[in-house]
Amino acid sequence: MRLTLAAGTSAAAGLLLVLAAVPVVAQPQTKVPWAAGEYLEYTVKLAGFSAGTGVMQVIGIDTIRGRNAWRLHFNIKGSAPLGMYHVDDTYDSWMDVESLNSLRFEQNLYEGGKHKIRKYDVFPSHSMFRQEGKEERKSVPDPLDDASFFFFVRTLPLDVGKEYVFAKYFDPNANPVVIKVVRRDTIDLPAGRFPAIVLQPTIKTNGLFSENGRAEIWLSDDEHRILLRMDTHFALITLGLQLRKVTYGAPAPDPARGRRP
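Everything numeric in this text was worked out from a predicted model, so none of it was measured.

**A closer look at the side chain of Glu216**
- Looking at where Glu216 falls in the secondary structure, it is placed in strand E12 (residues 216-220).
- Given a relative accessible area of 18%, Glu216 falls into the buried group.
- Within the structure, Glu216 has its side chain in polar contact with the side chain of Arg183 (distance 3.4 Å).
- A distance of 3.1 Å separates the side chain of Glu216 from the side chain of Gln200, its partner in a polar contact.
- For Glu216, the contacting residues outside a window of four places in its chain are Val182, Arg183, Val198, Leu199, Gln200, Arg229, Met230 and Asp231.

In structure tokens:
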């Protein structure tokens, strides 16, 4: 970007130079099991037939209203046999790197010939959210959306037999969110064999983890906690994901390294 200074503004220019020389204090970043560049690719099954591709990725870190945020992306695309049903759903979430709160959430959903786009800005500082084109509404402390909730779950201890109950979904009408840790497993997938933890999540929405969906998800039982497999009933059909490709990404450098004592 080019700045053009009129005559008589040398003092302002000097001030800009001084401010530019001041080191920026990095926003603290909570330790998480993912990293920028993480890319997970899935085989999608609709009604039991291989029908498309799913992608979950950590694109990187963006800035939302002055806060650093993980940019999370999830897409499911596929068609049932004979073209009787088509789905192309995209979820994008911006998750604060320090608090892990949701700051922004977007849905672009195409299901069975119906297309819906929803965009939300979430304001954790005063527990409010606003859907594009609508008035601001009351939210909850430490809010999460569909995508960021999944990443938040990856940070939990996930003890078998335990049930985790949260009132963190950004729209209070969808709370509580319940995560049941039902068992450990070992599964064979196109991407290889993995030890796994099996969860049953429930959110009071019409999405992937609705109360009627009877969803089960398999997370890797290791330091990464990636999504390995998902089975759910979705929009009157069964939907399944199986991991076929994984790239873990590169952890952010430790800002403490390289400093002089």
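**Regarding helix H2 (residues 146-153)**
- Extensive coverage of H2 is indicated by the burial of 8 of its 8 residues.
- Here H2 has its buried residues at Asp146, Ala147, Ser148, Phe149, Phe150, Phe151, Phe152 and Val153.

**Topic: unusual backbone geometry**
- For the bond from Asn175 to Pro176, the omega torsion is 0°, close enough to zero to count as cis.
- Within the secondary structure, Pro176 is located in the loop between strand E9 (163-166) and strand E10 (177-189).
- Although it is not a glycine, Leu100 adopts a positive phi angle of roughly 65°.
- Following the sequence through the fold, Leu100 ends up in the loop between strand E4 (86-96) and strand E5 (102-111).
- In this model, Arg225 sits at a positive phi of 55°, which is unusual for a non-glycine residue.
- Within the secondary structure layout, Arg225 lies in the loop between E12 and strand E13 (227-234).
- Look at Arg225 and you get buried, because its relative accessible area is 12%.

**Notes on the pattern of salt bridges**
- What the rule picks out here adds up to 16 salt bridges.
- In this structure, Glu41 engages Arg244 in a salt bridge whose closest nitrogen and oxygen atoms are separated by 2.9 Å. Of this pair, Glu41 sits in strand E1 (residues 39-46) while Arg244 is found in strand E14 (residues 237-247), placing the two residues 203 residues apart along the sequence.
- When its relative accessible area of 16% is taken as the criterion, Glu41 is described as buried.
- Residue class for Arg244 comes out partly exposed when judged on its relative accessible area of 32%.
- Among the ionic pairs, Arg71 bridges to Asp92, the shortest N-O distance being 3.5 Å. In this pair, Arg71 sits in strand E3 (residues 67-79) while Asp92 sits in strand E4, placing the two residues 21 residues apart along the sequence.
- Assessed through its relative accessible area of 22%, Arg71 is described here as partly exposed.
- A residue is classified by how much of its surface remains accessible, and Asp92, at 10% relative accessible area, is buried.
- A cluster of three or more residues bridged by salt bridges with shared partners is formed by Asp62, Arg71 and Asp92.

**Describing the packing of aromatic side chains**
- One pass over the structure, following the stated rule, counts 15 aromatic pairs.
- Pairing Phe149 with Phe152 gives two aromatic rings, centres 6.0 Å apart and planes at 85°, and the pair type is edge-to-face. One end of the pair, Phe149, and the other, Phe152, are both in helix H2, 3 residues apart, so they sit about a helical turn from each other. Phe152 shares its class with Phe149; the two are buried.
- Taken together, a centroid distance of 6.5 Å and an interplanar angle of 5° make the contact between Tyr164 and Phe166 stacked.
- The buried category is assigned to Phe166, whose relative accessible area is 14%.
- Of the aromatic side chains, those joined through ring pairs into one cluster are Phe74, Tyr91, Phe105, Tyr120, Phe129, Tyr169 and Phe170.
- Across the ring face of Trp218, the terminal group of Arg229 is positioned such that the distance to the ring centre comes to 4.2 Å.

About the thresholds
Residues numbered from 1 in each chain as written. Predicted model: local features only at pLDDT ≥ 70, side-chain atom pairs only at ≥ 80, totals over all residues. Heavy atoms only, no water. Helix = DSSP H or I, 4+ residues; strand = E, 2+ residues; numbered from the N terminus. Buried < 20%, exposed > 50% of the residue type's maximum accessible area, 1.4 Å probe, protein only. Polar contact = N/O pair within 3.5 Å; in protein donor to acceptor, adjacent residues only side chain to side chain. Contact = heavy atoms within 4.5 Å. Salt bridge = Lys/Arg side-chain N within 4 Å of Asp/Glu carboxyl O. Phe/Tyr/Trp six-rings, centres within 6.5 Å; stacked < 30°, edge-to-face > 60°. Lys NZ or Arg CZ within 6 Å of the ring centre and 35° of its normal.

Bear in mind that shape data such as this cannot, by itself, settle questions of function.
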